[in-house]
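Listed below, chain by chain, are the residues.
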Amino acid sequence: MKKLFLFATAAMIMASCSSDKGKVTIQLPKDFNEKTLVVSHVTIDNAYNAKQAEEIKVIYDTLEVNNGIATLTLDPAGAARYNIESPVVTLTQPEFYASPEDNLEVTIENFDPLAYQVRGSELMDDLTRMRAVTDPIKQEYFTLVSRNEIVTEAEAKASIDRYDNAIKKFVADNPKSQAVPLAILELSSDDFKQIYDNMTPEAKKSIVMPYAMQYNSEVEKVLKERDAEQARKDEIASGTITAPDFTLPDLNGKKVSLSDFKGKWVVLDFWGSWCGWCIKGFPALKDAYKQYGDKITIIGIDCNDMDSDWRAAVKKYELPWLQLYNGNNTDLYSSYNIEGFPTKAIINPEGKLVDLTTGEDPSFFTRLADFVK
């Protein structure tokens, strides 16, 4: 009889333990006064396989709150990302990732500023450990950029570098962690790709691996485009590409062709009256115009402007070099591989395109000096 009692007790304990599976206990802050709590989730498979945003199915659960505690039953359909909705408007909300059989404990100390921990699975234990290091750095960055005074680029970069280095250290110290696929999503494309391609088999088994797989596809596209852009720049730097010819009207309506200037150094300045950085670059370009005199020909090519706006801008900023009007002719953008404004091109006397600079970059004038000498 005693043995039967022990067996029965053991069975009850096992049943009790198994009933805890698939549950999340959420301990709310002491000042949480709501009677209900909303938790939303999206299964990881759904998020990974959705081709369009409309295909992502967000499921909401409204939980009763008793004595500051809410209990959530995990979705049996599969691993999912869960978000606990904050009672106040905040930039971030408590989140966690769980499989249907997990048993987790979420402790929310505060919603704003957000402070919480999630325990109960290898994945969430590791994420909590990592975030204990990275979250203060992230908060420091948000505080930095929200200051009224101007934050220097060096200050912002130093904060971002600290954050990235903390993630890379966590991965290096915990290469088998199931948190690795999620941790590396915030790294630069190069750092992400290097870690992704060398991820351990144990890390790849993580339920959040589909997020890394999805991001890897995007990163590969970015790196491929970057390599193609660099190949294009290398080709331009080789001086073997003939600058595409064009014919555009000047301020008097006269048709002007690039081929008219063969035998001279030519600088093309693709700009627009709507482009702040284009306008900021005019003083430096005026200095070059005075410095080189007739050694170079500067041609301004207005883009994406109304004719009247172009003429008004030329007059307002007193641009002394030749001005041509392109309007919205995108064929010219494609032929010169223009990806942004301003874009400046240097063409040698043989009509070869030797430099293409996107953005207001002071180094452009250094290269111009090297070419023209």
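Here, every reference points to the structure presented above.
Presented here is an overview of the structure given in this document.

Rules used throughout
Residues numbered from 1 in each chain as written. Predicted model: local features only at pLDDT ≥ 70, side-chain atom pairs only at ≥ 80, totals over all residues. Heavy atoms only, no water. 1 Å grid on protein atoms, 1.4 Å probe; cavity = no way out; pocket = protein on both sides within 12 Å on 5 of 7 lines; lining within 4 Å. Points joined across faces, edges and corners; volume = space filled by probe spheres on them. Helix = DSSP H or I, 4+ residues; strand = E, 2+ residues; numbered from the N terminus. Nonpolar A, V, L, I, M, F, W, Y, C, P; charged D, E, K, R; others polar. Patch = residues over 30% accessible without salt bridge, like charges linked within 9 Å, V, L, I, M, F, W, Y side chains within 5 Å. Areas by Shrake-Rupley, 256 points an atom, 1.4 Å probe, with all protein chains shown as cover. Salt bridge = Lys/Arg side-chain N within 4 Å of Asp/Glu carboxyl O. Buried < 20%, exposed > 50% of the residue type's maximum accessible area, 1.4 Å probe, protein only. Pairing = 2+ DSSP bridges. Phe/Tyr/Trp six-rings, centres within 6.5 Å; stacked < 30°, edge-to-face > 60°. Lys NZ or Arg CZ within 6 Å of the ring centre and 35° of its normal. Core = buried A, V, L, I, M, F, W, Y, C linked by side-chain atoms within 4.5 Å. Disulfide = S-S within 2.5 Å. Axes fitted to C-alpha atoms, helices over the stretch in contact; angles between N-to-C directions. Contact = heavy atoms within 4.5 Å.

## Structural notes on the layout of surface pockets
By rolling a water-sized probe across the atoms, one finds the places where empty space is left.
1) Next: Here the largest pocket is characterised by a volume of approximately 1100 Å³.
2) Next: Residue lining of the largest pocket: 40 residues in total, with T92, Y116, R131, D135 and K138 positioned closest to the centre.
3) Next: When residues of the lining of the largest pocket are traced back to their parent elements, those giving at least two are β5 (80-84), β6 (95-98), β7 (103-111), β8 (114-119), α3 (122-145), α5 (180-183) and α8 (209-237).
4) Next: Of the residues in the lining of the largest pocket, the class split is 20 nonpolar, 11 polar and 9 charged.
5) Next: Considered as a void within the structure, the second largest pocket measures approximately 170 Å³ in volume.
6) Next: Along its surface, the second largest pocket is lined by 13 residues, and A243, L258, S259, K262 and G351 are the ones closest to its centre.
7) Next: Its residues assigned to classes, the lining of the second largest pocket comprises 5 nonpolar, 4 polar and 4 charged.

## Section: a nonpolar patch on the surface
1) Next: Among the surface-exposed residues, I56, V58 and Y60 lie close enough to one another that they form a single nonpolar patch of about 270 Å² accessible area.
2) Next: Classification of V58 by relative accessible area gives partly exposed; the value is 40%.

## With respect to empty space enclosed by the protein
1) Next: The tally for this structure, following the rule as stated, stands at 1 cavity of 30 Å³ or more.
2) Next: Considering only enclosed or pocket space, the largest cavity measures out at about 30 Å³ in volume.
3) Next: Surrounding the largest cavity, K344, T357, G359, E360, D361 and F364 form its lining.

## As for the pairing of strand β13 (residues 322-327)
1) Next: The buried fraction of β13 amounts to 5 of the 6 residues, a majority that puts the element mostly inside the structure.
2) Next: Across 5 bridges, the pairing between strand β12 (residues 296-303) and β13 is parallel. From the neighbouring strand, C303 faces β13, where its bridge partner is G327.

## Looking at the packing of aromatic side chains
1) Next: With the rule as written, the count across this model stands at 17 aromatic pairs.
2) Next: Measuring from ring centre to ring centre gives 5.4 Å for W271 and F282, while their planes differ by 80°; the resulting arrangement is edge-to-face. Of this pair, W271 sits in strand β11 (residues 265-271) while F282 sits in helix α10 (residues 282-292), placing them 11 residues apart in sequence.
3) Next: In this structure W271 comes out as buried when scored by relative accessible area, which is 0%.
4) Next: Three or more aromatic residues joined by ring pairs make a cluster, and in this case those are W271, F282, Y289, Y317 and W321.
5) Next: One residue, K280, lies across the ring of W277, its end atom 4.2 Å from the ring centre.

## Observations regarding the nonpolar core
1) Next: Core analysis: the biggest nonpolar cluster contains 52 residues, and I26, L37, I84, F96 and I184 have the highest contact counts within it.
2) Next: One finds W271, L285, A288 and F365 within the second-largest nonpolar core, a separate group that totals 24 residues.

## Structural notes on the state of the cysteines
1) Next: On inspection of all chains with the given rule, the structure shows 1 disulfide.
2) Next: Note that C275 is cross-linked by a disulfide to C278, the S-S spacing being 2.3 Å. Judged by the torsion about the S-S bond (80°), the C275/C278 disulfide is right-handed. The same class applies to C275 and to C278, which are both buried.
3) Next: Of all cysteine sulfurs in the structure, the one in C278 sits closest to C303, which takes part in no disulfide; the separation is 8.4 Å.

## A short note on the sheet that holds β13
Backbone-to-backbone hydrogen bonds pair the strands of a sheet. The strands run either parallel or antiparallel.
1) Next: The 5 strands lie next to each other as β13-β12-β11-β14-β15, forming an open sheet whose pairing is mixed. Here the strands that pair on one side only, and so sit at the sheet edges, are β13 and β15 (353-358). Across this sheet, the average inter-strand angle for adjacent strands is 20°, counted without regard to direction.
2) Next: Across 5 bridges, β11 lies against strand β14 (residues 343-347) in antiparallel orientation. Across the sheet, residue V266 finds its bridge partner in β14, namely I347.
3) Next: Here helix α13 (residues 363-372) sits on the sheet in contact with β11, β12, β14 and β15, set at roughly 170° to β15.

## Some thoughts on the side chain of S206
1) Next: With respect to the helices and strands, S206 occurs in the loop between α7 (201-204) and α8.
2) Next: Ignoring any residue separated from it by four or fewer positions in sequence, one finds S206 in contact with L123, Q178 and P181.

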